[in-house]
Amino acid sequence: MLSLVALGCHGGADPAFTQLVEARGLADDLRVQLAKASDASDRAVMADTDQESIAFARDAGKATQTIEADAASLTARLQSLGYAADVRALQDFTGHFAAYRDLDRNVLDLAVQNTNLKAQRLSFGPVREAADGIRDALGAVALSAPAKDRCRVGALVARAELAVREIQILQAPHIAEPDEAAMAKIEKEMAERQATARDALETLAAGASAASRRQLDAAGVALDRFDKLSAELVALSRRNSNVRSLALALRRAPALVS
């Protein structure tokens with residue numbers, strides 16, 4: 001953190017005094033803008049919409065630009081005043097700030113992508129709707145099954161529905177998981193359940209009556225959509241922009257105080 005300790009009284013001509021007042025003002029503004037930049041960047045990371053993330057990232061960028069301009073102006077005034085110790089302190093600050101700026105740029109680039117939040121919304125919205133469509137279509141298949149096939153059909157319907165619901169359950173930990181190996185393990189479990197659901201539908205179709213075939217076709221279409229949406233969700237979750245931006249944001253603190 002910048003520490004300008006020698007900005008005390010400076011006896012002398014009015015121009016020097018003016019330079020001192022301006023230097024003090026710039027030093028104060030540096031602190032204010034640094035707080036603004038850090039706060040806006042944190043808000044960009046925590047925002048739950050793209051619009052908010054982008055707006056806060058823009059605010060952080062403006063504050064960063066002001067810091068760079070203030071630091072350049074302050075350097076010139078300190079050199080004019082002959083405050084060598086404060087020039088060195090300001091150089092230390094600008095070095096630390098450069099590291100902060102580079103790290104913060106990565107934080108903001110990730111924050112505005114919001115891939116984990118998008119994956120979560122996909123899970124709670126379109127994915128759930130597709131799963132419900134599978135349930136409804138398979139429920140109709142079970143109801144239309146002949147009495148002699150009712151137990152067999154009911155068991156296959158239950159197997160397919162359970163597999164789909166288990167995939168939904170697995171999506172939440174995948175979205176929150178920062179470790180790629182752990183995500184791969186979850187994806188393997190999802191793939192196994194996708195195969196179970198698909199196999200159940202194929203088995204149902206093999207012995208389906210004409211009355212239930214239309215509902216089975218609807219269930220197949222819903223399962224295709226569910227699988228496609230689940231793949232999109234995994235791709236978003238894999239990018240992990242929210243998880244990564246938060247982890248990087250926590251690393252910015254040492255850059256501010258070192």
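Residues numbered from 1 in each chain as written. Predicted model: local features only at pLDDT ≥ 70, side-chain atom pairs only at ≥ 80, totals over all residues. Heavy atoms only, no water.

**Student:** Is there a simple way to explain the overall build of the protein chain in this structure?
**Tutor:** In terms of helices and strands, the protein chain carries 8 helices and 0 strands. Shown N-terminal to C-terminal, the secondary structure of the protein chain runs as helices and strands in the order α-α-α-α-α-α-α-α. Against the compact-globule benchmark of 18 Å for 258 residues, the protein chain has a radius of gyration of 30 Å, which places it well outside the compact range. Overall size of the protein chain, expressed as C-alpha extent along the three principal axes, is 105 × 30 × 15 Å. Every one of the 258 residues in the protein chain was classed for burial, and the buried ones make up 40%. Considering only intrachain contacts with a sequence separation of at least 6, the fraction spanning at least 24 residues in the protein chain is 80%. (Helix = DSSP H or I, 4+ residues; strand = E, 2+ residues; numbered from the N terminus. Rg over C-alpha atoms; globule rule 2.2 N^0.38 Å. Buried < 20%, exposed > 50% of the residue type's maximum accessible area, 1.4 Å probe, protein only. Contact = heavy atoms within 4.5 Å.)

**Student:** Help me understand the side chain of Gln171, please; the structure alone is not making it clear to me.
**Tutor:** Within the secondary structure layout, Gln171 lies in helix H5 (residues 150–176). When its relative accessible area of 1% is taken as the criterion, Gln171 is described as buried. In terms of polar contacts, Gln171 uses its side chain to reach the side chain of Ser230, at 3.3 Å. Every residue in contact with Gln171, bar those within four places of it in the chain, is listed here: Ser123, Val127, Met190, Ser230 and Leu233. (Polar contact = N/O pair within 3.5 Å; in protein donor to acceptor, adjacent residues only side chain to side chain.)

**Student:** Help me understand H5 in this model?
**Tutor:** An α-helix turns once per 3.6 residues; consequently, residues spaced three or four apart project the same way. A rise of 1.5 Å per residue sets the reference length of H5, with its 27 residues, at 39 Å; its end C-alpha atoms lie 40 Å apart and thus fit the reference within 8%. Turning to H5, its buried residues number three or more, namely Val153, Leu156, Val157, Ala160, Ala163, Val164, Ile167, Gln168, Leu170, Gln171, His174 and Ile175. (Expected span 1.5 Å × (residues − 1).)

**Student:** Got a minute to help me understand the environment of Leu156 in this structure?
**Tutor:** Tracing the chain through its elements places Leu156 in helix H5. Residue Leu156 is classed as buried on the basis of its relative accessible area of 6%. Leu156 sits 64 residues away from Asp92 along the chain, and the two C-alpha atoms are 69 Å apart.

**Student:** Help me understand a nonpolar patch on the surface in this model?
**Tutor:** A contiguous nonpolar surface patch, about 340 Å² in accessible area, is contributed by Met46, Leu246 and Leu250. Turning to its location among the elements, Leu250 is positioned in helix H8 (residues 241–257). Its relative accessible area of 64% is what places Leu250 among the exposed residues. (Patch = residues over 30% accessible without salt bridge, like charges linked within 9 Å, V, L, I, M, F, W, Y side chains within 5 Å. Areas by Shrake-Rupley, 256 points an atom, 1.4 Å probe, with all protein chains shown as cover. Salt bridge = Lys/Arg side-chain N within 4 Å of Asp/Glu carboxyl O.)

**Student:** What am I meant to see in the pattern of salt bridges here?
**Tutor:** Pairing of side chains with opposite charge becomes possible as their charged atoms draw close. Applying the stated criterion to the full structure yields 17 salt bridges. For the salt bridge of Asp132 with Arg135, the shortest nitrogen-to-oxygen distance reads 3.6 Å. Of this pair, Asp132 and Arg135 both sit in helix H4 (residues 115–144), separated by 3 residues, roughly a single helical turn. Here Lys188 makes a salt bridge to Glu192, at a shortest N to O gap of 2.8 Å. Note that Lys188 and Glu192 are positioned in helix H6 (residues 180–206) at a spacing of 4 residues, about one turn of the helix.

**Student:** Even after reading the chapter, I still don't get the environment of Gln113, so can you show me in this structure?
**Tutor:** Its location among the elements puts Gln113 in the loop between helix H3 (84–111) and H4. A distance of 3.2 Å separates a polar atom in the side chain of Gln113 from a polar atom in the side chain of Arg239.

**Student:** Would you explain the nonpolar core in this entry?
**Tutor:** Most often, soluble globular proteins have nonpolar side chains that are buried together. In this structure, Ile134, Leu138, Val164, Leu204, Leu223 and Phe226 are the most contacted members of the largest nonpolar core, which totals 35 residues. Residues Ala63, Ala71, Phe93 and Tyr100 belong to the second largest nonpolar core, which totals 19 residues. (Core = buried A, V, L, I, M, F, W, Y, C linked by side-chain atoms within 4.5 Å.)

**Student:** Before we go on, may I ask you to explain the packing of aromatic side chains in this structure?
**Tutor:** Geometrically, a pair of aromatic rings is defined through the distance of the ring centres and the angle of the planes. Going through the model one piece at a time under the given rule, you end up with 2 aromatic pairs. Look at Phe93 and Phe97: their rings are 5.9 Å apart centre to centre, the planes differ by 15°, and that puts the pair in the stacked class. One end of the pair, Phe93, and the other, Phe97, are both in helix H3, 4 residues apart, so they sit about a helical turn from each other. Here the aromatic residues Phe93, Phe97 and Tyr100 are joined through ring pairs into a cluster of three or more. (Phe/Tyr/Trp six-rings, centres within 6.5 Å; stacked < 30°, edge-to-face > 60°.)

**Student:** Can you help me understand unusual backbone geometry in this one?
**Tutor:** Backbone geometry follows two general trends: most residues other than glycine have a negative phi, and most peptide bonds adopt the trans configuration. A positive phi angle, near 50°, is found at Asn114, a position not held by glycine. At Asn240, a position not held by glycine, the phi torsion is positive, near 50°. With respect to the element layout, Asn240 can be found in the loop between helix H7 (210–239) and H8.

So, to be careful, I would describe these as geometric facts and stop short of saying anything about function.
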